[in-house]
Structure formats: C-alpha cells, structure tokens
Number of protein chains: 2
Amino acid sequence: MDSRGKRATLQTVADAVGVSRTTVSNAYGRPDQLNKDLRERIFEAARRLGYSGPDATARSLRRGRAGAIGLVFTETLSYAFADPYSVGFLRGVAEVAEASGTGLLLIPMPPAGGGDSETAVRNAVVDGFCLYCVPKGHPAKELIRARGLPLVTTDESDDPSIPYVGIDERASARLAGEHIARLGHRRVAVMVDHVVGPGVSGPASLDEQLASDCADLRGRLAGYRDALEEAGVDWSSVRVVAAGRNSRSASASAAAHFLDVAERPTAVLAIGDVLALGVLDACEQRGLAVGRDISVAGFDDVPEAGRARLTTVRQPMGEKGRLAGRLLLEPPEEEKVPRIKLPTELVVRATTGPAPH
Amino acid sequence: MDSRGKRATLQTVADAVGVSRTTVSNAYGRPDQLNKDLRERIFEAARRLGYSGPDATARSLRRGRAGAIGLVFTETLSYAFADPYSVGFLRGVAEVAEASGTGLLLIPMPPAGGGDSETAVRNAVVDGFCLYCVPKGHPAKELIRARGLPLVTTDESDDPSIPYVGIDERASARLAGEHIARLGHRRVAVMVDHVVGPGVSGPASLDEQLASDCADLRGRLAGYRDALEEAGVDWSSVRVVAAGRNSRSASASAAAHFLDVAERPTAVLAIGDVLALGVLDACEQRGLAVGRDISVAGFDDVPEAGRARLTTVRQPMGEKGRLAGRLLLEPPEEEKVPRIKLPTELVVRATTGPAPH
DNA sequence: TTGAAAGCGATACCAC
DNA sequence: GTGGTATCGCTTTCAA
C-alpha cells in the first residue's frame, strides 16, 4: 500500500514478481494465458504495491476501444434528467449499454454561441455518439461527424447520411390536430418550448415558427397545421405561444397569453406532455373544467400523463433509446444508412372533449 | 476527406504541412503558440486529410486527465433515471460538472454476484468516482478505492476514510415517525424497496431488516423505530413490507400485504416517495380516504410528492449532488476527510391526519 | 507459458 | 516560434 512514491504500473509489478509485462498484462486481461499460481502471485504483489490493475486510459488507447458511448445534448445536461420523455429515452439507451458493460458518457454542450461546445466533444473518450436535440447548424455537430465514430441521431436530420431513429413528427402531431378538429374546435392555441431561442417566451410569429432550428418542433407544428387547415382553420388565427423552456411551471405561466384574453381558445395543443401538464395547471388555477370548458392535448405520453388523464400522442421513447443504443454498439455493416421511424399512436383520455358551443 | 486508408493522425497533418507534430498539437491545444496563418493552414490540411483533431484517448493518457467523472450505481443503470430522487441528485452533479466542461460517465454495476461488476469500473476513463447506493461489502467498492482517484460517496459509509455527503438518515426518518406517533397512530406499517435482495417482495422479518446491506435503509428503519418505540409502539408489531423494487406499481401491489388484512394499520411509513405514491394508489383503489381512514408519509420530497399532497421528509437532493460534484472536481487539500450531513425537514401535507378512533 | 520489441497517438520540455 | 526527444502505460504479435 505504499501511497508514497510514483504510482505503481504494470512494469513495477512485473519487476517485483520477476516476470515480463506481458505476463502481468495477461494476468488481468487473459487469465487463460498463464497458470493460476503465477496469476495469484502477481495479484498479491499488485496488492502489496498498490497497483489496482491496468490503467483505463492507456488500455483504451492501446485497444482502440473506449467502452463507453457518448450522449450529446444541446439542452443543459441537467435538463436531460428533468424531462420524463428524455429520461425514458435515456433509460432505453442505458438498458442496452449496461447489458454489454458499456458506460454512458453524458456530454454537456452549450447551445451554439453559448460558450465552448467543442472541448467536451473533442475530449470525449467514447466509441460512438448519440445526438439528441442538437439543432441543425450546431457547430459541434460537424466536429462529431468528423471524429468518424459511429453516430446516430434522434433528430430529424438535415443530413441523410447520419443514421436516424425517431418518429414521423409531422404525421404524429397531425393525429392530435385531427382529434381536436374532429371534436369541433376552431379556436386553437399551441404551446411550444421555444422557437427563436431558449428562454424567450411569449407569442411566436409565423416566421419565427418556420425558422426554428429544431426539426422536431417544426415537424410537429406542421402536423398541427396540416390537420387544422384541412378542417378549415386559418393557421394565422392559431396562437402559438412559447413557454421559454420545457418546464411545467414555465408553461403554466405562459398559458396566460391565451387563457387571459377575450377570445379564449377552446383547445390547446402542446408539443410535449410537460408543457401540456403546465397548461392543465393553469386551467385549474382559473377554475376551468378541462375536457369541457377547454381541451388540452399533449405529446409523448410520459408516465405522468396517464395519471393526469391527459390526451396525448404516444411515442415509444424507451424503444427509441434501445434502438439507438443498439445501432451504436453493433453498427450494421450494410451500405444503407438506417433511418428508422417508430410508430406512434393517439391516446385519448379525459382532457379533450367536444368544443363548447 | 479521404475516407480510405489509415486514419489520419497528428503526424500525417504535420507531414502534409511540412511542420513538426508539436506545431500541429499546438494549433489545437495552444493557439497562442503559433501564428494565425500557419494555424489556418494546418486546419485546412487537417480538413483535407479528414483529421478531426487530437485523439481523445491519447490526449487523456498523455495529459493524465480524463475530463469526466464516474457515477457508480448498484441498481441497474436504467433505474438511475427512473427514480425522481435519483434524478434530482444527478441533476445536481450534472450542474457542477457541465459548468467545468466535464462529462458524466454513468457506470453500470450489477449487484454483488450478479455478473461482472469490475470490468466497467476498471475501464472507466474518469478523474474521480461518485458512489451512489453501493452496498457495504460490494466487491467493486474496493476496486474503486484502489484506483486511487478522488472518491465521494452518498451512502453512509462503513469506511470513514471516504468523503461523504448525505443526510442523517436516522434522525430524518425519526421526524416522520414522530409525526405519525404524535397523531396517535399505533398500528403502523412500513414500506421498503427491498431488504434481502432486489426483487424479493413481501413481509420482512426483524433479522432481515437488520441484515440489509443498504445503510440508508437501515438508518431510516432505525429512525422510525426510535420514534415509534418512544411512543410505546412495539416494533415487532410493525409490519415491514418489501415492494421488491423501488417502483410505484410494485409498491401498490405489495401494499396488499397490510391493506387487505384484518387489522389494517392506520398509518404507513414509506422509506421513499415513490413507494409512498404507490401506497396512495393502492389506497385509492380500495376507496380508502387517505389522511382520514389511513395516513401515509414518504421520504425525499420529490416533485411529484407535492402534487400528490404527500406528507414527507424533504432532503436536498440537488444540493447533495452539487456538493458531491464539487468535492470531486476540486478535491479539498485538507487532511480531514469531508463528511457532510445536509439538513432535512418534515413537510406535512394532506396525506397524514389523526388516527381514526 | 513466457519475454522482447514495436507501437497506440499525443504532449511537454528544452534547446535552437 | 519551432522541432527533436522522451514518455504516458499498456497490449500485441512473434519467436523462444
């Protein structure tokens, strides 16, 4: 246990036992390459010398394998844990990763222009990357590609050469829109997290909606629009409000933008359940009977949505994660870049009902 | 972009530009060490050759820094994302980590005896470890220590030489116990996740309770016991039931063990909010008026607890995480091993009330 | 079985 | 500014 002096290395142990480094290395990595006795002696010497086994970094370098996959988010890392949808996805990835003894490296990545987004990506010791909520032109995206490691994204990618696993955002959102239209709603509001940039809340103009750099957001808005316009609703009459961030409370506050005005909408479409739950809170505060006075639909079907009896569009987040993980762990040999769209489904519960007269 | 041939290295680029490796290295790592022109030329050559910057692993090896900290759980990795308490803690760690551009490596670690728990720890390229829910004698624990990296645990450690940040489990649980006793409850049940091992549900004997290898569980049980015995309740009359795992639905099922019997308890103490919420579900199913017919108290004060009006003991999970992260990122120089206990607080809401007659 | 030698890809130090 | 040189700690042929 000599905690003093230079840290013990493989060599130190080899010398102490009187064998070569190869043998010590084998003692750890290939037990079948030497006899049990010797192996024991080596371990004992190691213990005595305070050597805890081959250095992880050196081993990675030599082997060319990191034993971890990187998860890249644009949202702050802590956000990744805050949203139940996100958590569901991560669980999926985690499941397949842990099955193969692979670690998950969460890589913080400030939004474009917001500090150093490259260092963490550069220094990530991983065997592959999973991109998640990384907007179109993000500078780090190119860097990640350049690293030449297996890569998969869950964002509708601008680049068809990147493997993708996700859902048909547009068609899925359309399900919710059609449901609302079918119930007779014509005055509709939409709640989004943010269009122009994080933190900015309030109504969003049409231009802003189209300019959003988040493909899934654009896709969902398009889906709502498809459905509503088909039902004869003028999209410019639809109030699109940004909560500023994807949080229940932010959404509850932002809901004032359409709840506290003269011509209150009879239905609200939220592009995520967390936002929808916030709208529910806001309605409750104002004594509105959800499902009668006003209808609310979400997206994702997070666990909480079920409890709140929220009508929503279910997407298989866990499955998405597992698939993404698998794609990274065992990259398919084929030429064709995998582009997988998982099925979604409208789940009608108690928060939507016929439009009040 | 020559995707064919050997992967480009620093050397390749140096040769192409006609400079030494040092210069190329500096171009990436120390921009002030060479003139802008040359730097541009180097980058251009790099781009042309498909070189995306210094290899992360090699750089880590040479620099002796990994740029990540390891989070070690015994529960399956996916569990880490499932429990809101756990998520709160992780968010805390993530906050401080991302502030310094450090990644978080989630390390899967099967419970003792359940597969290979050492490989992942061995191969983890990190600058320090944070242990979380790792039971007393876990084999990997020793290995982690042996790696000689900064280390912090949130489990009441058997080993006072490991930095610790947590709460006084026993005193905190006692708060809940006293609250229940004060309300006049004498027939009490306790819901735990698992004592003997994961997956095993049902009543737990006294011996099993004491034998649990999870220090926080033991601490909380001791706290409940302190309070109840002080109020004259015989601990052996307290039905301790294991849900088998820390999940809302498992708890709801296991609640049958005390809910569907002759002498139903008038109060239930759950060692975590997730379990408490499950008990709430079970009560609702049976048409019991929580807070009147039966009282339920949890532990943690996760976000969901507030919404459910659950009486619970609040612990500062985010703060715990931030502190742990900081301890790892800037290990204190002092001799003294930091052992921090954060304050907790009883939060009385609507799920507890006077014992029915 | 065991050992010697050749890297894995990069960075730090030190003269020039 | 720049370019050698040593080294980081290990794994892997390949021959003995």
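Just so you know, these numbers come straight off a predicted model, no measurement behind them.

Asker: Help me understand the UniProt feature "domain: HTH lacI-type" (unreviewed entry) in chain A in this model?
Answerer: As annotated by UniProt and renumbered to match this structure, "domain: HTH lacI-type" (unreviewed entry) occupies residues 8-63 of chain A. Secondary structure within residues 8-63 of chain A divides into 70% helix and 0% strand; the distance between the first and last C-alpha atoms comes to 21 Å.

Asker: Explain the protein's contact with DNA strand C here, please?
Answerer: Looking at DNA strand C, there are 26 residues lining it, with Arg62(A), Leu10(B), Ser25(B), Tyr51(B) and Arg62(B) nearest. Counting only the atoms of DNA strand C that lie within 4 Å of the protein, the sugar and phosphate share comes to 60%. In this structure, Ser20(A) approaches DNA strand C through a main-chain N or O atom, which is 2.9 Å from a phosphate oxygen. In this structure, Ser25(B) approaches DNA strand C through a side-chain N or O atom, which is 2.4 Å from a phosphate oxygen. If you list the elements that add at least two residues to the surface near DNA strand C, you get helix H2 (21-29) and helix H4 (56-63) of chain A together with helix H2 (21-29) and helix H4 (56-63) of chain B. Examining the composition of the surface near DNA strand C, we find that four residues originate from one element, H4(B), more than from any other.

Asker: Explain the protein's contact with DNA strand D to me, please; I cannot follow it from the model alone.
Answerer: Residue and element names in this part refer to chain A. In the neighbourhood of DNA strand D, 24 residues make up the surrounding shell, with Leu10, Ser25, Tyr51, Arg59 and Arg62 lying closest. Those atoms of DNA strand D that come within 4 Å of the protein belong to sugar or phosphate at a rate of 64%. Between a base nitrogen of DNA strand D and a side-chain N or O atom of arginine 21, the distance comes to 2.9 Å. Between DNA strand D and the protein, one listed contact pairs a base oxygen with a side-chain N or O atom of threonine 22 at 3.2 Å.

Asker: Sorry, what's going on with the relation of the copies chain A and chain B here?
Answerer: Note that the two copies of the chain are related through a rotation about an axis and a translation along the same axis. Expressed as a screw transformation, the operator carrying chain A onto chain B has a rotation angle of 180° and an axial translation of 0.0 Å, and the superposed copies differ by an RMSD of 0.1 Å. On the angle and the small slide along the axis, the relation comes out as a two-fold axis. Residues of chain A ranked by C-alpha distance from the rotation axis are headed by Leu105(A), positioned 2.1 Å from it. Of all interface residues in chain A, 100% are interface residues in chain B too; the two copies therefore contact each other through one and the same surface.

Asker: Is there a simple way to explain the interface of chain A and chain B in this structure?
Answerer: How big an interface is tends to be stated in terms of accessible area lost as the parts join. Counting from both sides, the interface comprises 44 residues of chain A and, opposite them, 45 residues of chain B. Summed over both partners, the interface of chain A with chain B buries about 3700 Å², with 61% contributed by carbon and sulfur atoms. Interface area lost by chain A to chain B is led by Phe81(A), Glu98(A) and Arg122(A), which between them contribute 16%. Remark: the boundary between chain A and chain B carries two salt bridges. Put simply, Glu304(B) and Arg307(A) hold a salt bridge, and the shortest N to O gap is 3.4 Å. Along the contact surface separating chain A from chain B lie nine residue pairs in polar contact (both at pLDDT 80 or more). Broken down by secondary-structure element, the contributors of at least two residues to the side of chain A that touches chain B are H4, helix H5 (77-82), helix H6 (84-99), strand E2 (103-107), helix H7 (118-123), helix H8 (139-146) and helix H15 (303-307) of chain A. A class-by-class count of the residues in the side of chain A that touches chain B yields 22 nonpolar, eleven polar and eleven charged. Pairing of E2(A) with strand E2 (residues 103-107) of chain B involves three bridges; the strand directions are antiparallel. Counterpart to Leu104(A) in the pairing with E2(B) is Leu106(B).

Asker: I tried to follow unusual backbone geometry on my own but got confused; where do I start?
Answerer: Glycine aside, a negative phi is what most residues show, and trans is what most peptide bonds show. All names here are of chain A. Unusually for a residue other than glycine, aspartate 300 sits at a positive phi of about 120°. Here aspartate 300 is to be found in the loop between strand E10 (295-297) and H15. If you check the backbone angles, arginine 309 has positive phi at about 60° while not being a glycine. Structurally, arginine 309 is set in the loop between H15 and strand E11 (312-314).

Asker: What is the right way to look at the domain arrangement of chain A in this model?
Answerer: Each domain of chain A was delimited in the assignment, giving domain 1 (10-54), domain 2 (68-166 + 318-341) and domain 3 (169-316). Centre-to-centre separation of domain 1 of chain A and domain 3 of chain A, based on C-alpha positions: 62 Å.

Asker: Could you clarify how one ought to interpret the pattern of salt bridges in this entry?
Answerer: One side chain can pair with another of opposite charge once the charged atoms of both are near each other. All names here are of chain A. Within the structure shown, the criterion is met by 36 salt bridges over all chains. A salt bridge links arginine 145 to aspartate 159; the nearest nitrogen and oxygen atoms lie 2.5 Å apart. Placement of arginine 145 in helix H8 and of aspartate 159 in the loop between strand E4 (151-153) and strand E5 (164-167) is noted, with a sequence separation of 14 residues between them. With a closest N to O distance of 3.0 Å, arginine 322 and glutamate 319 form a salt bridge. Here the residue arginine 322 and the residue glutamate 319 both occupy positions in helix H16 (residues 317-329), the gap between them amounting to three residues, near one helical turn. Of the residues examined, glutamate 319 reaches a relative accessible area of 29% and is grouped as partly exposed. Three or more residues joined by partner-sharing salt bridges are found here, namely Arg170, Arg174, Glu178, Asp226 and Glu230.

The rules behind the values
Residues numbered from 1 in each chain as written. Chains lettered and ligands numbered in written order. Predicted model: local features only at pLDDT ≥ 70, side-chain atom pairs only at ≥ 80, totals over all residues. Heavy atoms only, no water. UniProt positions renumbered as here; feature names shortened; annotations may be inferred. Helix = DSSP H or I, 4+ residues; strand = E, 2+ residues; numbered from the N terminus. Near = heavy atom within 4 Å. Polar contact = N/O pair within 3.5 Å; in protein donor to acceptor, adjacent residues only side chain to side chain. Least-squares fit on C-alpha atoms with pLDDT ≥ 70 in both. Contact = heavy atoms within 4.5 Å. Buried area = accessible area lost by both parts, 1.4 Å probe. Salt bridge = Lys/Arg side-chain N within 4 Å of Asp/Glu carboxyl O. Nonpolar A, V, L, I, M, F, W, Y, C, P; charged D, E, K, R; others polar. Pairing = 2+ DSSP bridges. Domains from an automatic or database assignment. Buried < 20%, exposed > 50% of the residue type's maximum accessible area, 1.4 Å probe, protein only.

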